[in-house]
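The lines below spell out each chain.
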Amino acid sequence: MPSPLSIDSLRLQGQIDALAAISEAPPPVVTRVLFSEADRRGRAFVQELCRQAGLLLQEDAIGNVFARWPGKDAQLVPIATGSHIDAIPNAGRYDGVVGVLGALAAICALKQSGFEPRRTIELIIFTAEEPTRFGIGCLGSRLLSGALPPEKAAGLSDTEGQTLEQWRHQAGYGARPLNSVLLPKGVYGGFIELHIEQGPLLERENLPIGVVEKIAGPSTLRVQLTGVGGHAGAVLMPERHDALLAGAEIALAVEEAALNSGSPDTVATTGVFRIEPGAVNSVPCRAWLEIDLRDTQSSTRDAALQRIERAVPEICRRRGIEFQLERLNLDEPAVCDPGLVSTILEVCRELNLPAKNMISRAYHDSLFMAQICPTTMIFIPCRGGVSHRPDEYSSPDQIANGVLVLAQTLARLTCGS
Ligand code: GLV
Ligand code: MN
Ligand code: MN
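Residues numbered from 1 in each chain as written. Chains lettered and ligands numbered in written order. Predicted model: local features only at pLDDT ≥ 70, side-chain atom pairs only at ≥ 80, totals over all residues. Heavy atoms only, no water.

1. Re the overall build of the protein chain
Okay, so step 1: Scanning the protein chain from N- to C-terminus turns up 12 helices and 17 strands.
Okay, so step 2: Taking 417 residues into account, the globule formula puts the C-alpha radius of gyration at 22 Å, and the protein chain, at 22 Å, falls close to it.
Okay, so step 3: The principal-axis extents of the C-alpha atoms in the protein chain amount to approximately 75 × 45 × 40 Å.
Okay, so step 4: Taken over 417 residues, the protein chain has a buried fraction of 55%.
Okay, so step 5: Looking at the protein chain alone, contacts between residues at least 24 apart form 78% of all its contacts between residues at least 6 apart.
Okay, so step 6: With an accessible surface of roughly 17200 Å², the protein chain has 52% of that area assigned to carbon and sulfur atoms.
Okay, so step 7: Treating the 38 positive side-chain charges of the protein chain as one cloud and the 48 negative ones as another, the clouds have centres 2 Å apart. (Helix = DSSP H or I, 4+ residues; strand = E, 2+ residues; numbered from the N terminus. Rg over C-alpha atoms; globule rule 2.2 N^0.38 Å. Buried < 20%, exposed > 50% of the residue type's maximum accessible area, 1.4 Å probe, protein only. Contact = heavy atoms within 4.5 Å. Areas by Shrake-Rupley, 256 points an atom, 1.4 Å probe, with all protein chains shown as cover. Lys, Arg positive; Asp, Glu negative; His and termini not counted. Charge placed at Lys NZ, Arg CZ, Asp CG, Glu CD.)

2. Here's the deal with helix α12 (residues 396-415)
Okay, so step 1: Taking 1.5 Å of rise per residue, 20 residues should cover 28 Å, and α12 covers 28 Å from first to last C-alpha, within 8% of that figure.
Okay, so step 2: The buried fraction of α12 is high, at 14 of 20 residues. (Expected span 1.5 Å × (residues − 1).)

3. Quick notes on the coordination of the manganese ion (ligand 3)
Okay, so step 1: Protein coordination of the manganese ion (ligand 3) is provided by H84 (NE2), D95 (OD) and H195 (NE2), with donor distances spanning 2.0 to 2.2 Å.
Okay, so step 2: Sequence positions of the residues that donate to the manganese ion (ligand 3) give the spacing H-x10-D-x99-H.
Okay, so step 3: Between the manganese ion (ligand 3) and the manganese ion (ligand 2), a separation of 3.7 Å is found, and both are coordinated by D95. With D95 in the loop between β5 (87-91) and α3 (97-112) and H195 in strand β7 (residues 190-196), this residue pair connects regions lying 100 residues apart in the sequence. An identical accessibility class is assigned to D95 and H195; each is buried. (Donors = N, O, S within 2.8 Å, 3.2 Å for Na, K, Ca; no water.)

4. Considering the coordination of the manganese ion (ligand 2)
Okay, so step 1: At this site the manganese ion (ligand 2) is bound by D95 (OD), E130 (OE) and H388 (NE2), with donor distances of 2.0 to 2.2 Å.
Okay, so step 2: Of note, the donors binding the manganese ion (ligand 2) are all from one chain and are spaced D-x34-E-x257-H.
Okay, so step 3: Note on E130: relative accessible area 6%, which makes it buried.
Okay, so step 4: With relative accessibility at 35%, the residue H388 sits in the partly exposed group.

5. Some details on the side chain of D295
Okay, so step 1: Here D295 lies in strand β13 (residues 286-295).
Okay, so step 2: Buried and unpaired, D295 has R361 as its nearest opposite-charge partner, separated by 6.3 Å.
Okay, so step 3: Here the side chain of D295 touches T266 through a polar contact of 2.6 Å, side chain to side chain.
Okay, so step 4: Other than its neighbours up to four places away in sequence, D295 contacts A216, G217, S263, D265, T266, T300, R301 and P333. (Salt bridge = Lys/Arg side-chain N within 4 Å of Asp/Glu carboxyl O. Polar contact = N/O pair within 3.5 Å; in protein donor to acceptor, adjacent residues only side chain to side chain.)

6. Things to note about unusual backbone geometry
Okay, so step 1: Cis geometry is found at the peptide bond from P27 to P28, where omega equals 5 degrees.
Okay, so step 2: Going from E276 to P277, the amide bond is cis rather than trans, its omega being 5 degrees.
Okay, so step 3: Note that P277 resides in the loop between β11 (267-276) and β12 (282-283).
Okay, so step 4: Positioned with a positive phi, N352 is a non-glycine residue whose angle comes to about 60 degrees.
Okay, so step 5: The residue N352 is located in the loop between α10 (338-350) and β16 (355-360) in this model.
Okay, so step 6: Of the residues examined, N352 reaches a relative accessible area of 68% and is grouped as exposed.
Okay, so step 7: Residues other than glycine seldom take positive phi values, yet H388 does so here, at roughly 55 degrees.
Okay, so step 8: Structurally, H388 is set in the loop between β17 (375-380) and α12.

Structural data, given as C-alpha coordinates:
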(Lines give C-alpha, C1' and ligand atoms only; values in the text may rest on other atoms or scores of the structure.)
(Ligands and ions follow the chains in the order given, each with its own letter.)
Protein backbone atom coordinates (compact mmCIF):
# COMPACT_ATOMS: atom_id res chain seq x y z
CA MET A 1 0.00 0.00 0.00
CA PRO A 2 1.26 3.50 -0.69
CA SER A 3 1.85 5.22 2.60
CA PRO A 4 1.41 7.63 4.10
CA LEU A 5 -1.62 8.84 2.18
CA SER A 6 -2.91 12.19 3.23
CA ILE A 7 -6.35 13.32 2.17
CA ASP A 8 -6.66 17.07 1.77
CA SER A 9 -10.04 17.42 3.49
CA LEU A 10 -9.95 21.19 3.55
CA ARG A 11 -9.47 21.43 -0.19
CA LEU A 12 -12.11 18.74 -0.80
CA GLN A 13 -14.68 20.51 1.39
CA GLY A 14 -13.90 23.79 -0.39
CA GLN A 15 -14.59 22.10 -3.73
CA ILE A 16 -17.83 20.52 -2.45
CA ASP A 17 -19.00 23.92 -1.18
CA ALA A 18 -18.01 25.69 -4.41
CA LEU A 19 -19.93 23.13 -6.48
CA ALA A 20 -22.96 23.49 -4.16
CA ALA A 21 -23.00 27.21 -4.97
CA ILE A 22 -23.55 26.32 -8.64
CA SER A 23 -27.28 25.75 -8.29
CA GLU A 24 -30.59 26.73 -9.83
CA ALA A 25 -31.88 27.63 -6.34
CA PRO A 26 -30.51 29.80 -3.53
CA PRO A 27 -28.39 28.13 -0.79
CA PRO A 28 -28.63 25.82 1.05
CA VAL A 29 -30.72 24.25 -1.70
CA VAL A 30 -28.84 22.51 -4.48
CA THR A 31 -30.73 21.94 -7.73
CA ARG A 32 -28.80 20.95 -10.84
CA VAL A 33 -31.10 19.34 -13.37
CA LEU A 34 -29.66 17.76 -16.49
CA PHE A 35 -28.78 20.30 -19.22
CA SER A 36 -29.72 23.30 -17.08
CA GLU A 37 -27.33 26.22 -16.90
CA ALA A 38 -26.24 25.03 -13.42
CA ASP A 39 -25.60 21.51 -14.73
CA ARG A 40 -23.44 22.92 -17.51
CA ARG A 41 -21.48 25.17 -15.13
CA GLY A 42 -21.09 22.34 -12.62
CA ARG A 43 -19.63 20.08 -15.31
CA ALA A 44 -17.22 22.80 -16.41
CA PHE A 45 -16.14 23.37 -12.79
CA VAL A 46 -15.41 19.70 -12.15
CA GLN A 47 -13.69 19.22 -15.51
CA GLU A 48 -11.39 22.13 -14.73
CA LEU A 49 -10.46 20.53 -11.38
CA CYS A 50 -9.69 17.28 -13.19
CA ARG A 51 -7.54 19.15 -15.70
CA GLN A 52 -5.65 20.86 -12.88
CA ALA A 53 -5.02 17.42 -11.35
CA GLY A 54 -3.37 16.37 -14.61
CA LEU A 55 -6.13 13.99 -15.77
CA LEU A 56 -6.91 13.52 -19.46
CA LEU A 57 -10.49 14.37 -20.32
CA GLN A 58 -12.97 12.93 -22.78
CA GLU A 59 -16.71 13.37 -23.14
CA ASP A 60 -19.20 11.12 -24.92
CA ALA A 61 -22.37 11.93 -26.84
CA ILE A 62 -24.59 12.04 -23.73
CA GLY A 63 -22.10 14.09 -21.71
CA ASN A 64 -20.53 11.34 -19.58
CA VAL A 65 -17.06 12.62 -18.68
CA PHE A 66 -14.02 10.32 -18.48
CA ALA A 67 -11.00 11.70 -16.61
CA ARG A 68 -8.02 9.43 -17.03
CA TRP A 69 -4.85 8.88 -15.04
CA PRO A 70 -2.91 6.68 -17.49
CA GLY A 71 -1.22 3.65 -16.00
CA LYS A 72 2.32 2.52 -16.84
CA ASP A 73 1.05 -0.53 -18.71
CA ALA A 74 -1.41 0.44 -21.43
CA GLN A 75 -2.19 -3.26 -22.07
CA LEU A 76 -3.89 -3.66 -18.68
CA VAL A 77 -7.62 -3.07 -18.29
CA PRO A 78 -8.40 0.19 -16.43
CA ILE A 79 -10.17 0.44 -13.09
CA ALA A 80 -12.95 3.02 -12.89
CA THR A 81 -14.54 5.05 -10.12
CA GLY A 82 -16.97 7.95 -10.10
CA SER A 83 -20.58 9.05 -9.62
CA HIS A 84 -22.78 12.00 -10.65
CA ILE A 85 -23.05 15.71 -9.98
CA ASP A 86 -26.61 16.39 -11.12
CA ALA A 87 -29.03 17.05 -8.26
CA ILE A 88 -32.81 16.74 -7.94
CA PRO A 89 -34.84 19.85 -7.08
CA ASN A 90 -34.33 20.82 -3.42
CA ALA A 91 -31.33 18.54 -2.91
CA GLY A 92 -28.23 18.80 -0.75
CA ARG A 93 -24.56 18.97 -1.64
CA TYR A 94 -23.22 15.44 -1.03
CA ASP A 95 -25.31 12.94 -3.06
CA GLY A 96 -23.13 11.91 -6.01
CA VAL A 97 -20.68 14.76 -5.46
CA VAL A 98 -18.77 12.81 -2.79
CA GLY A 99 -18.17 10.05 -5.32
CA VAL A 100 -16.84 12.50 -7.91
CA LEU A 101 -14.84 15.06 -5.93
CA GLY A 102 -13.93 12.38 -3.35
CA ALA A 103 -12.55 10.20 -6.13
CA LEU A 104 -10.57 13.16 -7.43
CA ALA A 105 -9.21 13.72 -3.89
CA ALA A 106 -8.26 10.02 -3.75
CA ILE A 107 -6.40 10.33 -7.05
CA CYS A 108 -4.64 13.52 -5.89
CA ALA A 109 -3.60 11.82 -2.62
CA LEU A 110 -2.18 8.86 -4.56
CA LYS A 111 -0.33 11.16 -6.93
CA GLN A 112 1.07 13.16 -4.04
CA SER A 113 2.34 10.00 -2.33
CA GLY A 114 4.39 9.19 -5.42
CA PHE A 115 2.24 6.20 -6.36
CA GLU A 116 2.28 5.31 -10.05
CA PRO A 117 -0.51 2.97 -11.18
CA ARG A 118 0.27 0.16 -13.60
CA ARG A 119 -3.35 0.09 -14.66
CA THR A 120 -5.11 3.25 -15.76
CA ILE A 121 -7.47 4.81 -13.23
CA GLU A 122 -10.52 6.45 -14.79
CA LEU A 123 -12.86 8.83 -13.02
CA ILE A 124 -16.32 8.82 -14.62
CA ILE A 125 -18.79 11.66 -14.08
CA PHE A 126 -22.06 10.14 -15.23
CA THR A 127 -24.75 12.19 -16.94
CA ALA A 128 -28.09 12.46 -15.15
CA GLU A 129 -28.13 9.81 -12.48
CA GLU A 130 -31.23 11.65 -11.29
CA PRO A 131 -34.47 11.16 -13.20
CA THR A 132 -35.78 14.72 -12.99
CA ARG A 133 -35.79 15.83 -16.65
CA PHE A 134 -36.91 12.64 -18.42
CA GLY A 135 -38.38 10.53 -15.60
CA ILE A 136 -35.66 7.90 -15.89
CA GLY A 137 -32.52 7.79 -13.74
CA CYS A 138 -28.95 6.83 -14.63
CA LEU A 139 -29.23 7.99 -18.22
CA GLY A 140 -25.46 8.07 -18.78
CA SER A 141 -24.69 4.69 -17.22
CA ARG A 142 -27.73 3.03 -18.82
CA LEU A 143 -26.56 4.06 -22.29
CA LEU A 144 -22.94 3.28 -21.62
CA SER A 145 -23.75 -0.22 -20.35
CA GLY A 146 -26.31 -1.03 -23.04
CA ALA A 147 -29.20 -1.23 -20.55
CA LEU A 148 -31.05 1.48 -22.50
CA PRO A 149 -31.20 1.18 -26.31
CA PRO A 150 -30.20 4.51 -27.93
CA GLU A 151 -33.40 4.60 -30.05
CA LYS A 152 -35.49 4.43 -26.89
CA ALA A 153 -33.35 7.07 -25.16
CA ALA A 154 -33.61 9.48 -28.10
CA GLY A 155 -37.40 9.45 -27.85
CA LEU A 156 -37.60 10.12 -24.10
CA SER A 157 -39.42 13.37 -23.51
CA ASP A 158 -39.75 15.90 -20.70
CA THR A 159 -43.03 17.30 -19.38
CA GLU A 160 -43.12 19.87 -22.20
CA GLY A 161 -42.72 17.16 -24.85
CA GLN A 162 -39.15 18.13 -25.74
CA THR A 163 -37.13 15.02 -26.52
CA LEU A 164 -33.74 13.95 -25.20
CA GLU A 165 -32.41 14.19 -28.74
CA GLN A 166 -33.49 17.85 -28.95
CA TRP A 167 -32.03 18.64 -25.53
CA ARG A 168 -28.77 16.88 -26.36
CA HIS A 169 -28.29 18.87 -29.55
CA GLN A 170 -29.08 22.16 -27.81
CA ALA A 171 -26.58 21.34 -25.06
CA GLY A 172 -23.82 20.81 -27.63
CA TYR A 173 -23.56 17.00 -27.55
CA GLY A 174 -25.16 16.42 -30.93
CA ALA A 175 -22.04 15.94 -33.06
CA ARG A 176 -22.00 12.18 -32.46
CA PRO A 177 -24.96 9.76 -32.44
CA LEU A 178 -26.28 8.31 -29.18
CA ASN A 179 -25.23 4.79 -30.18
CA SER A 180 -21.58 5.86 -29.84
CA VAL A 181 -22.02 5.98 -26.02
CA LEU A 182 -22.11 2.18 -25.63
CA LEU A 183 -18.95 0.65 -24.13
CA PRO A 184 -17.95 -2.96 -24.70
CA LYS A 185 -18.20 -5.40 -21.79
CA GLY A 186 -14.81 -5.90 -20.19
CA VAL A 187 -13.67 -2.34 -20.89
CA TYR A 188 -13.07 -1.91 -17.15
CA GLY A 189 -11.56 -4.41 -14.73
CA GLY A 190 -13.71 -2.99 -11.93
CA PHE A 191 -15.85 -0.05 -10.86
CA ILE A 192 -16.09 1.36 -7.33
CA GLU A 193 -18.47 4.17 -6.42
CA LEU A 194 -18.05 6.16 -3.22
CA HIS A 195 -21.40 7.52 -1.96
CA ILE A 196 -23.16 8.75 1.14
CA GLU A 197 -25.36 5.98 2.57
CA GLN A 198 -28.65 7.92 2.18
CA GLY A 199 -29.96 5.84 5.09
CA PRO A 200 -29.45 5.79 8.86
CA LEU A 201 -27.69 2.47 9.52
CA LEU A 202 -24.01 3.46 9.58
CA GLU A 203 -24.68 6.43 11.84
CA ARG A 204 -26.88 4.35 14.13
CA GLU A 205 -24.21 1.68 14.47
CA ASN A 206 -21.41 4.23 14.66
CA LEU A 207 -19.60 2.68 11.70
CA PRO A 208 -17.47 4.75 9.32
CA ILE A 209 -17.77 2.49 6.25
CA GLY A 210 -20.32 0.29 4.50
CA VAL A 211 -19.48 -2.00 1.60
CA VAL A 212 -22.38 -2.64 -0.75
CA GLU A 213 -23.34 -6.20 -1.68
CA LYS A 214 -26.64 -5.58 -3.44
CA ILE A 215 -28.49 -2.63 -4.99
CA ALA A 216 -32.30 -2.55 -5.02
CA GLY A 217 -34.03 -2.55 -8.41
CA PRO A 218 -36.16 0.47 -9.29
CA SER A 219 -39.15 0.83 -11.56
CA THR A 220 -40.86 4.03 -12.70
CA LEU A 221 -44.37 4.55 -14.01
CA ARG A 222 -45.73 7.65 -15.68
CA VAL A 223 -49.50 8.18 -15.64
CA GLN A 224 -51.28 10.89 -17.64
CA LEU A 225 -54.91 11.50 -16.81
CA THR A 226 -57.40 13.49 -18.82
CA GLY A 227 -60.75 14.36 -17.25
CA VAL A 228 -63.18 17.17 -17.86
CA GLY A 229 -62.52 20.63 -16.51
CA GLY A 230 -65.09 23.25 -15.69
CA HIS A 231 -66.31 25.92 -13.35
CA ALA A 232 -65.85 24.99 -9.68
CA GLY A 233 -69.19 26.54 -8.84
CA ALA A 234 -71.22 25.43 -11.81
CA VAL A 235 -70.35 21.76 -12.39
CA LEU A 236 -72.38 19.70 -9.92
CA MET A 237 -70.64 16.83 -8.15
CA PRO A 238 -72.35 13.89 -9.92
CA GLU A 239 -71.31 15.40 -13.29
CA ARG A 240 -67.61 15.61 -12.54
CA HIS A 241 -64.62 13.82 -14.07
CA ASP A 242 -61.90 15.30 -11.90
CA ALA A 243 -58.39 14.25 -12.97
CA LEU A 244 -56.86 15.15 -9.61
CA LEU A 245 -59.23 12.88 -7.70
CA ALA A 246 -58.41 9.95 -9.99
CA GLY A 247 -54.72 10.73 -9.41
CA ALA A 248 -55.26 10.88 -5.66
CA GLU A 249 -56.90 7.45 -5.70
CA ILE A 250 -54.02 6.11 -7.79
CA ALA A 251 -51.48 7.51 -5.31
CA LEU A 252 -53.33 5.72 -2.48
CA ALA A 253 -53.35 2.51 -4.53
CA VAL A 254 -49.57 2.88 -4.91
CA GLU A 255 -49.17 3.12 -1.15
CA GLU A 256 -51.47 0.16 -0.63
CA ALA A 257 -49.56 -1.98 -3.15
CA ALA A 258 -46.27 -1.38 -1.32
CA LEU A 259 -47.74 -1.87 2.15
CA ASN A 260 -49.32 -5.18 1.19
CA SER A 261 -46.55 -6.61 -0.99
CA GLY A 262 -45.55 -9.05 1.74
CA SER A 263 -42.01 -7.64 1.76
CA PRO A 264 -40.81 -4.92 4.14
CA ASP A 265 -38.35 -3.92 1.40
CA THR A 266 -41.01 -2.78 -1.08
CA VAL A 267 -41.21 1.01 -1.19
CA ALA A 268 -43.40 3.08 -3.48
CA THR A 269 -43.65 6.83 -3.93
CA THR A 270 -45.79 9.10 -6.07
CA GLY A 271 -43.15 11.81 -6.24
CA VAL A 272 -44.59 13.85 -9.09
CA PHE A 273 -48.21 14.99 -9.18
CA ARG A 274 -49.04 17.96 -11.41
CA ILE A 275 -52.45 19.21 -12.32
CA GLU A 276 -53.92 21.55 -14.87
CA PRO A 277 -55.17 24.19 -14.98
CA GLY A 278 -54.19 24.68 -11.32
CA ALA A 279 -56.77 27.34 -10.52
CA VAL A 280 -58.72 27.23 -7.26
CA ASN A 281 -62.06 27.75 -8.98
CA SER A 282 -61.56 25.26 -11.79
CA VAL A 283 -62.08 21.48 -11.81
CA PRO A 284 -58.71 19.83 -12.62
CA CYS A 285 -58.88 18.53 -16.19
CA ARG A 286 -55.44 16.95 -16.42
CA ALA A 287 -53.05 15.24 -14.02
CA TRP A 288 -49.55 13.87 -14.47
CA LEU A 289 -48.08 11.38 -11.98
CA GLU A 290 -44.68 9.75 -11.75
CA ILE A 291 -44.43 6.72 -9.51
CA ASP A 292 -41.23 5.17 -8.14
CA LEU A 293 -41.36 1.57 -6.92
CA ARG A 294 -38.44 -0.47 -5.60
CA ASP A 295 -37.44 -3.63 -3.80
CA THR A 296 -34.36 -5.72 -3.22
CA GLN A 297 -36.30 -8.69 -4.74
CA SER A 298 -37.82 -8.20 -8.16
CA SER A 299 -40.59 -10.77 -7.51
CA THR A 300 -42.30 -8.72 -4.75
CA ARG A 301 -41.62 -5.44 -6.56
CA ASP A 302 -43.16 -6.76 -9.77
CA ALA A 303 -46.25 -8.11 -7.99
CA ALA A 304 -46.81 -4.65 -6.47
CA LEU A 305 -46.26 -3.08 -9.88
CA GLN A 306 -48.91 -5.30 -11.46
CA ARG A 307 -51.34 -4.38 -8.70
CA ILE A 308 -50.83 -0.69 -9.48
CA GLU A 309 -51.18 -1.32 -13.20
CA ARG A 310 -54.51 -3.05 -12.55
CA ALA A 311 -55.72 -0.29 -10.23
CA VAL A 312 -55.18 2.55 -12.74
CA PRO A 313 -57.73 1.40 -15.38
CA GLU A 314 -60.23 0.42 -12.71
CA ILE A 315 -60.08 3.85 -11.02
CA CYS A 316 -60.18 5.70 -14.35
CA ARG A 317 -63.12 3.70 -15.68
CA ARG A 318 -65.12 4.34 -12.51
CA ARG A 319 -64.42 8.08 -12.69
CA GLY A 320 -64.76 8.51 -16.46
CA ILE A 321 -61.15 9.54 -16.95
CA GLU A 322 -58.92 8.81 -19.94
CA PHE A 323 -55.48 7.56 -19.07
CA GLN A 324 -52.09 6.73 -20.49
CA LEU A 325 -49.87 4.46 -18.43
CA GLU A 326 -46.21 4.05 -19.31
CA ARG A 327 -43.50 1.93 -17.66
CA LEU A 328 -40.36 3.98 -18.02
CA ASN A 329 -38.04 1.40 -16.53
CA LEU A 330 -38.05 -1.94 -14.74
CA ASP A 331 -34.55 -2.77 -13.53
CA GLU A 332 -33.23 -5.88 -11.86
CA PRO A 333 -31.42 -5.50 -8.52
CA ALA A 334 -27.63 -5.70 -8.91
CA VAL A 335 -25.42 -8.15 -7.05
CA CYS A 336 -22.01 -6.63 -6.34
CA ASP A 337 -18.75 -8.41 -6.99
CA PRO A 338 -17.77 -10.55 -3.96
CA GLY A 339 -14.05 -10.22 -4.78
CA LEU A 340 -14.20 -6.43 -4.75
CA VAL A 341 -16.32 -6.46 -1.59
CA SER A 342 -13.74 -8.54 0.26
CA THR A 343 -10.84 -6.41 -1.06
CA ILE A 344 -12.49 -3.30 0.37
CA LEU A 345 -13.24 -5.03 3.68
CA GLU A 346 -9.58 -5.99 3.88
CA VAL A 347 -8.49 -2.41 3.15
CA CYS A 348 -10.81 -1.24 5.94
CA ARG A 349 -9.25 -3.73 8.38
CA GLU A 350 -5.77 -2.49 7.50
CA LEU A 351 -6.88 1.10 8.00
CA ASN A 352 -8.57 0.21 11.30
CA LEU A 353 -11.90 1.44 10.01
CA PRO A 354 -14.77 -0.82 11.13
CA ALA A 355 -17.01 -1.71 8.20
CA LYS A 356 -20.12 -3.73 7.46
CA ASN A 357 -21.73 -5.21 4.38
CA MET A 358 -24.82 -3.38 3.24
CA ILE A 359 -27.69 -3.24 0.78
CA SER A 360 -28.26 -0.04 -1.15
CA ARG A 361 -31.89 0.90 -1.24
CA ALA A 362 -31.13 3.91 -3.39
CA TYR A 363 -30.08 3.26 -6.97
CA HIS A 364 -26.81 4.42 -8.41
CA ASP A 365 -24.81 4.31 -11.63
CA SER A 366 -23.27 1.19 -10.07
CA LEU A 367 -26.55 -0.63 -10.80
CA PHE A 368 -25.66 -0.42 -14.51
CA MET A 369 -21.86 -0.58 -14.25
CA ALA A 370 -22.43 -3.97 -12.59
CA GLN A 371 -23.75 -5.17 -15.97
CA ILE A 372 -20.39 -4.57 -17.67
CA CYS A 373 -17.74 -5.09 -14.99
CA PRO A 374 -17.18 -6.20 -11.39
CA THR A 375 -18.69 -3.44 -9.28
CA THR A 376 -19.26 -2.39 -5.69
CA MET A 377 -19.78 0.73 -3.62
CA ILE A 378 -18.23 2.32 -0.53
CA PHE A 379 -20.80 3.98 1.74
CA ILE A 380 -20.08 6.62 4.37
CA PRO A 381 -22.57 7.78 7.01
CA CYS A 382 -24.77 10.83 6.54
CA ARG A 383 -26.47 12.69 9.36
CA GLY A 384 -29.80 11.16 10.33
CA GLY A 385 -29.75 9.13 7.12
CA VAL A 386 -31.09 12.27 5.42
CA SER A 387 -30.70 12.64 1.66
CA HIS A 388 -32.47 14.35 -1.26
CA ARG A 389 -32.91 17.32 1.10
CA PRO A 390 -30.90 20.52 1.55
CA ASP A 391 -29.88 19.47 5.09
CA GLU A 392 -28.09 16.36 3.79
CA TYR A 393 -24.71 16.25 5.60
CA SER A 394 -21.56 14.17 6.04
CA SER A 395 -18.66 15.60 8.00
CA PRO A 396 -15.24 16.23 6.44
CA ASP A 397 -13.82 13.41 8.60
CA GLN A 398 -16.50 10.96 7.48
CA ILE A 399 -15.83 11.88 3.86
CA ALA A 400 -12.06 11.59 4.36
CA ASN A 401 -12.51 8.03 5.67
CA GLY A 402 -14.35 7.08 2.50
CA VAL A 403 -11.79 8.78 0.29
CA LEU A 404 -8.96 6.98 2.08
CA VAL A 405 -10.61 3.59 1.64
CA LEU A 406 -11.24 4.37 -2.04
CA ALA A 407 -7.66 5.55 -2.57
CA GLN A 408 -6.13 2.44 -0.97
CA THR A 409 -8.51 0.19 -2.89
CA LEU A 410 -7.62 1.86 -6.19
CA ALA A 411 -3.95 1.51 -5.34
CA ARG A 412 -4.37 -2.19 -4.67
CA LEU A 413 -6.31 -2.82 -7.84
CA THR A 414 -3.94 -0.89 -10.08
CA CYS A 415 -0.49 -1.65 -8.71
CA GLY A 416 -0.17 -5.16 -10.13
CA SER A 417 -0.85 -7.02 -13.33
C1 GLV B 1 -31.16 8.00 -6.67
O2 GLV B 1 -31.05 9.20 -6.55
C3 GLV B 1 -32.29 7.33 -6.18
O4 GLV B 1 -33.41 7.86 -6.32
O5 GLV B 1 -32.13 6.25 -5.60
MN1 MN C 1 -29.91 11.08 -5.62
MN1 MN D 1 -26.51 9.55 -5.93
